[in-house]
Amino acid sequence: MDQRNGFSGVLLVLAAGVLWGTVGPAQVLADSPAPPVTLGAARILSGGLLLAALVLATAPRAFRGLGGPARLPLLAAAAATGTFQAAFLTAVDRTGAAVATAIVFGLVPVSTGVCERLVLRTRLSRRWAAGTACAVGGCALLMVPGLTGALDPLGLALALVGGCCFGVYTVSAKILGERGVNMAAAVAVTLLAGGALLLPWALHGAAELAGGRSLALVAWLGPATTAVAYMCFVIGLRRVTAATAGTLSLAEPLVAAVLALAVLGERLSAATTAGCLLLLGGLVLVSVPGRVRPFRRPRRSARVCLPDATGAVKVETTTGERS
């Protein structure tokens, strides 16, 4: 891929991370009485329905191309989507948002890189490793200072499951994009199938979801942070590696921290400020393409030697190196 396409892919994945980073602050501002899992179900179901309606209006036959070779990665992406929502939101409820977010998004670039290495056999670069190390360290500094109380083992386990699910989804979406399927249709199916797994929680909190604050929150979460964000992410995946996309997704906690400072009036500690800078440095390191050294063929020159004892003249072709 050329550098222009790679840079546009980076921007699209970063745009997805920026939109995802508004979820937490929007939830705080809305102060919805609905349970978190109910909001998560409403978020992905509304986003999936919006994308499905768009596909049916513009390319109704696109859903037919999701069978055959695309079936397995589609099922994996759908299972990862639903499991991620349930695992992450339950981890937040049991361990707190700071710890759950630090574990999940600290694990995301690692799990994505490992999944891509195992499934796609992609070689991970040193630049990716260095940028990921900076980003993960920054994410830990950004979130962990709020840690208080005892840790819940089940909550920690679910946070680890959530981080792994993000890696599975990213690699599955990468495979779908390479197989030429309609990505809007694929994302719609994965969101709707994943949301179906959360229907019991969605129905349980339906009464709280009907309030004005909850509806206003879902009106932002569904179209913007789900339909648009997921489309930006999967389109960007066509132009960057899955491992790079996993690291760039750490823009989400960075944006959430900035919005908490600017909109919610929260203060950043010294450790949190250092975490922001370290995370930003890691994202820049992964985003900027490295220099590609051009291949140079060795120069070939003709060397005419003096006649030998037989009177024949030798003409040798060399690479310019002296023997």
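Above: the structure in question.
To keep things clear, this report deals only with the structure shown in the data block. Note that the coordinates shown come from a computational prediction; the quantities given were computed from them, not determined experimentally. (Residues numbered from 1 in each chain as written. Predicted model: local features only at pLDDT ≥ 70, side-chain atom pairs only at ≥ 80, totals over all residues. Heavy atoms only, no water.)

Details of the overall build of the protein chain
Alright, step 1. Counting its regular elements, the protein chain contains 15 helices and 2 strands.
Alright, step 2. A burial count over the protein chain gives 45% of its 323 residues as buried.
Alright, step 3. A fraction of 85% describes how many contacts in the protein chain between residues 6 or more apart in sequence connect residues 24 or more apart.
Alright, step 4. Total accessible area on the protein chain stands at roughly 16,700 Å², and carbon and sulfur atoms take up 64% of it. (Helix = DSSP H or I, 4+ residues; strand = E, 2+ residues; numbered from the N terminus. Buried < 20%, exposed > 50% of the residue type's maximum accessible area, 1.4 Å probe, protein only. Contact = heavy atoms within 4.5 Å. Areas by Shrake-Rupley, 256 points an atom, 1.4 Å probe, with all protein chains shown as cover.)

Thoughts on the nonpolar core
Alright, step 1. In terms of nonpolar packing, the biggest core is built from 61 residues, with Y169, V187 and F233 touching the most fellow members.
Alright, step 2. Only α1 (3-20), α3 (36-58), α4 (71-95), α5 (97-119), α7 (153-178), α8 (183-197), α12 (223-237) and α13 (242-248) provide two or more residues apiece to this core.
Alright, step 3. Setting aside its immediate chain neighbours within four residues, V187 contacts L51, Y169, Y230, M231 and V234. (Core = buried A, V, L, I, M, F, W, Y, C linked by side-chain atoms within 4.5 Å.)

Thoughts on the packing of aromatic side chains
Alright, step 1. Evaluated as defined, the whole model comprises 7 aromatic pairs.
Alright, step 2. Relative to Y230, the ring of W20 lies with its centre 5.5 Å away and its plane at 70°, an arrangement referred to as edge-to-face. Residue W20 is located in helix α1, and its partner Y230 is located in helix α12; the two are separated by 210 residues in the primary sequence.
Alright, step 3. The exposure class assigned to W20 is buried, which follows from its relative accessible area of 5%.
Alright, step 4. Taken together, a centroid distance of 5.6 Å and an interplanar angle of 80° make the contact between Y169 and Y230 edge-to-face. One end of the pair, Y169, is in helix α7; the other, Y230, is in helix α12, and 61 residues separate them in sequence.
Alright, step 5. In this structure Y169 comes out as buried when scored by relative accessible area, which is 7%.
Alright, step 6. Judged by relative accessible area, which is 8%, Y230 ranks as buried.
Alright, step 7. Pairwise contacts between aromatic rings join W20, F84, F88, F166, Y169, Y230 and F233 into one cluster. (Phe/Tyr/Trp six-rings, centres within 6.5 Å; stacked < 30°, edge-to-face > 60°.)

Describing helix α11 (residues 212-221)
Alright, step 1. Residues of α11 that are buried: S214, L217, V218 and L221. Down the axis of α11, the buried set is contained in an arc of 100°. They therefore lie on one face. Seen from the open side of α11, the exposed residues pointing more than 90 degrees away from its buried face are G212, A216 and A219.
Alright, step 2. Tucked inside the fold, the buried residues of α11 contact α2 (23-30), α3, α10 (206-209) and α12. (Arc of directions from axis to C-beta.)

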